[in-house]
Amino acid sequence: MTVVVCPEDGMAALNDHVRTAMEEVPGISLRAREAEFWAHTSVAYARADFPDRDLNRALRALRPPRVDVTIDRVHLVNQYQHPDRGYYTWDVVEEVPLG
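Quick caveat: nothing in here was measured; it's all calculated off a predicted structure. (Residues numbered from 1 in each chain as written. Predicted model: local features only at pLDDT ≥ 70, side-chain atom pairs only at ≥ 80, totals over all residues. Heavy atoms only, no water.)

## Re the overall build of the chain
From N to C terminus, the chain includes two helices and four strands. Of the regular secondary structure in the chain, the N- to C-terminal order runs β-α-β-α-β-β. Computed over its C-alpha atoms, the radius of gyration of the chain comes to 16 Å, more than 25% above the 13 Å expected for a compact globule of 99 residues. Dimensions along the principal axes, computed over C-alpha positions, put the chain at roughly 45 × 35 × 25 Å. A buried classification covers 8% of the 99 residues belonging to the chain. Across the chain, contacts joining residues at least 24 apart in sequence account for 51% of those joining residues at least 6 apart. When the accessible surface of the chain is split by element, carbon and sulfur atoms take 52% of a total near 8,800 Å². In the chain, the 11 positive side-chain charges and the 16 negative ones have mean positions that sit 8 Å from each other. (Helix = DSSP H or I, 4+ residues; strand = E, 2+ residues; numbered from the N terminus. Rg over C-alpha atoms; globule rule 2.2 N^0.38 Å. Buried < 20%, exposed > 50% of the residue type's maximum accessible area, 1.4 Å probe, protein only. Contact = heavy atoms within 4.5 Å. Areas by Shrake-Rupley, 256 points an atom, 1.4 Å probe, with all protein chains shown as cover. Lys, Arg positive; Asp, Glu negative; His and termini not counted. Charge placed at Lys NZ, Arg CZ, Asp CG, Glu CD.)

Here's what the structure looks like:
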């Protein structure tokens, strides 16, 4: 289950600036840029396929009020997927302070 992060333009600009800076660091290899950046956060992962329609509808019906979040740093991480364990882990490669 994922949740969109707004404002999309601001998050896309932040992503672009951080990627541009990281591409200049020797030894760091990034994935190719996507045609369009989609800012989101993961709420949950499932370990097996299941009919998620009812769950998605119930979560969307909650619709809590939007909140403001201040981003004061960005972490460049090396992320690993562990399908056998059902989760991801990551190592922080670098921290970029903002502001």
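## A look at a positive patch on the surface
Together, R53, R57, R60, R63 and R66 make up a positively charged patch on the protein surface. Structurally, R66 can be placed in the loop between α2 (53-62) and β3 (73-82). (Patch = residues over 30% accessible without salt bridge, like charges linked within 9 Å, V, L, I, M, F, W, Y side chains within 5 Å. Salt bridge = Lys/Arg side-chain N within 4 Å of Asp/Glu carboxyl O.)

## Focus on a nonpolar patch on the surface
A cluster of nonpolar side chains, contributed by F50, L55, L59 and L62, occupies part of the molecular surface with about 370 Å² of accessible area. Inspection of the secondary structure assignment puts L59 in helix α2. For L59, a relative accessible area of 31% gives the class partly exposed.

## Some thoughts on the pairing of β3
Where β3 and strand β4 (residues 87-97) come together, ten bridges link them in antiparallel fashion. Opposite R73, over in β4, you have P97 as the bridge partner. (Pairing = 2+ DSSP bridges.)

## Examining α2
Little of α2 sits out of view: just one of its ten residues are buried. Just past α2, the residue R63 takes up positive phi, approximately 35°.

## Notes on the pattern of salt bridges
The full count for this structure, using the stated rule, is four salt bridges. Notably, a salt bridge pairs R33 with D16, separated by 2.5 Å at the nearest N-O pair. Taken together, the residues R33 in the loop between α1 (8-23) and β2 (40-42) and D16 in helix α1 connect sequence positions 17 residues apart. According to the relative accessible area criterion, R33 is partly exposed, its value standing at 39%. Under the relative-accessibility criterion, D16 is labelled partly exposed at 35%. Taking the shortest distance from any N to any O, the salt bridge between R19 and E23 comes out at 3.8 Å. With R19 and E23 both in helix α1, this residue pair falls four residues apart, about one helical turn.

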